[in-house]
Amino acid sequence: MKRREDNEHQGSNAPPTSDEEVRVGDLGSGSDFTPFLQHAGVPSTDIGSEGPYGVYHSTFDDFAWYTQNADPHFAYLQEMARILGLEALRMADADVLPYDYTAYAREITAYIEAAQHKAADAKLAGLDFAPAEAAAQRLTVAAQRAHDQEAAASGDLVKLNNALRGAEIALLTDAGLPNRPWYKHTIYAPGEYTGYSAVVIPA
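Residues numbered from 1 in each chain as written. Predicted model: local features only at pLDDT ≥ 70, side-chain atom pairs only at ≥ 80, totals over all residues. Heavy atoms only, no water.

1. Quick look at the confidence of the model for the protein chain
Formally: The pLDDT value expresses, per residue, how confident the predictor is, ranging between 0 and 100. Throughout, a contact is declared for two residues whenever any of their heavy atoms are within 4.5 Å.
Across the protein chain, pLDDT averages 87, with 89% of residues at or above 70. Within the model, pLDDT remains below 50 along residues 1-10, and this stretch shows 37 contacts once partners closer than five positions in the same chain are excluded.

Below you can see the structure in the form of structure tokens.
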């Protein structure tokens, strides 16, 4: 997933990661995945490429500019088609959904730790992180159990896939986020004042 750093696509408030060539960021908003992830709890990705691009959201952002300046031989477009095609094939052909909840649990634990540091820096007293930490620990244990089942999948794979698929739904809140009830995901949402960029544990 790409993370844009311009005014409209500020970086997530998640802890910083190493600057690798392929970056995995946090999903905020501004694309078709928004209702699926933020409202319905469907695991989602947003894959893209980026570079110097001075015509974004302007009248010059058209097919003529693209073929004359950006990618005349459609090399980058072909590469993106390969990547997206491989993702679709991997998801469609997998006997067990290739979801990595152990990595997800590590990320959530890191988000909570980052929130604790921010609270301490802001001298916010009386915030009780114990329930969130306990929930993250339960998720870590359950994620490892699921990972072990994925690695040696046997028996009722439909039941296993349904459990893997339902995990994202379990991260929704029926009431929605404060002041924004349409957004129901408790881990990722666009910030109220950050444009498209993600805010983690937004409530």
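2. Focus: the nonpolar core
As a reminder of what qualifies: The term nonpolar core refers to a set of buried residues drawn from Ala, Val, Leu, Ile, Met, Phe, Trp, Tyr and Cys, joined through side-chain atoms within 4.5 Å. Buried means the residue's accessible area, taken with a 1.4 Å probe over protein chains only, is under 20% of the maximum for its type, while exposed means over 50%, and partly exposed covers the values in between. Under the scheme used here, helices are H or I runs from DSSP no shorter than 4 residues and strands are E runs no shorter than 2 residues, and both carry numbers assigned from the N terminus.
Formed by 20 residues in total, the largest nonpolar core has its most connected members in Tyr101, Tyr104, Ile108, Leu164, Ile187 and Tyr188. Per-element accounting of this core gives the leading share, 7 residues, to helix H4 (residues 101-121).

3. Some details on the pattern of salt bridges
Note the cut-off: Counted as salt bridges are all cases of a side-chain nitrogen of Lys or Arg within 4 Å of a carboxyl oxygen of Asp or Glu.
Tallied over the entire structure, the rule returns 1 salt bridge. A salt bridge links Arg82 to Glu79; the shortest N-O distance between them is 3.1 Å. With Arg82 and Glu79 both in helix H3 (residues 75-93), this residue pair falls 3 residues apart, about one helical turn. Arg82 sits in the partly exposed class, given a relative accessible area of 44%.

4. So, the packing of aromatic side chains
For any two aromatic rings, the description comes down to two numbers: the centre-to-centre distance and the angle of the planes. Stated precisely, the cut-off is as follows: Here a Phe, Tyr or Trp ring, Trp counted by its six-membered ring, pairs with any other such ring whose centre lies within 6.5 Å, and the pair is stacked when the planes are under 30 degrees apart, edge-to-face when over 60, and tilted otherwise. Two thresholds decide whether a charge sits over a ring: the Lys NZ or Arg CZ must be within 6 Å of the ring centre and within 35 degrees of the ring normal.
Counted by the stated rule, this structure contains 7 aromatic pairs. Taking the centre distance of 6.0 Å and the plane angle of 35° together, the rings of Tyr66 and Phe74 count as tilted. With a relative accessible area of 28%, Phe74 lands in the partly exposed category. Measuring from ring centre to ring centre gives 5.8 Å for Tyr111 and Tyr188, while their planes differ by 80°; the resulting arrangement is edge-to-face. Of the two residues, Tyr111 is situated in helix H4 and Tyr188 in strand S1 (residues 188-190); the sequence distance between them amounts to 77 residues. Between Arg180 and the ring centre of Tyr183, over which it is positioned, the NZ or CZ distance is 5.2 Å.

5. Section: the environment of Glu192
One can find Glu192 in the loop between S1 and strand S2 (198-200). As a C-alpha pair, Glu192 and Asn179 span 13 residues in sequence and 9.3 Å in three-dimensional space. Ignoring sequence-local partners within four residues, the contact set of Glu192 consists of Asn179 and Arg180.

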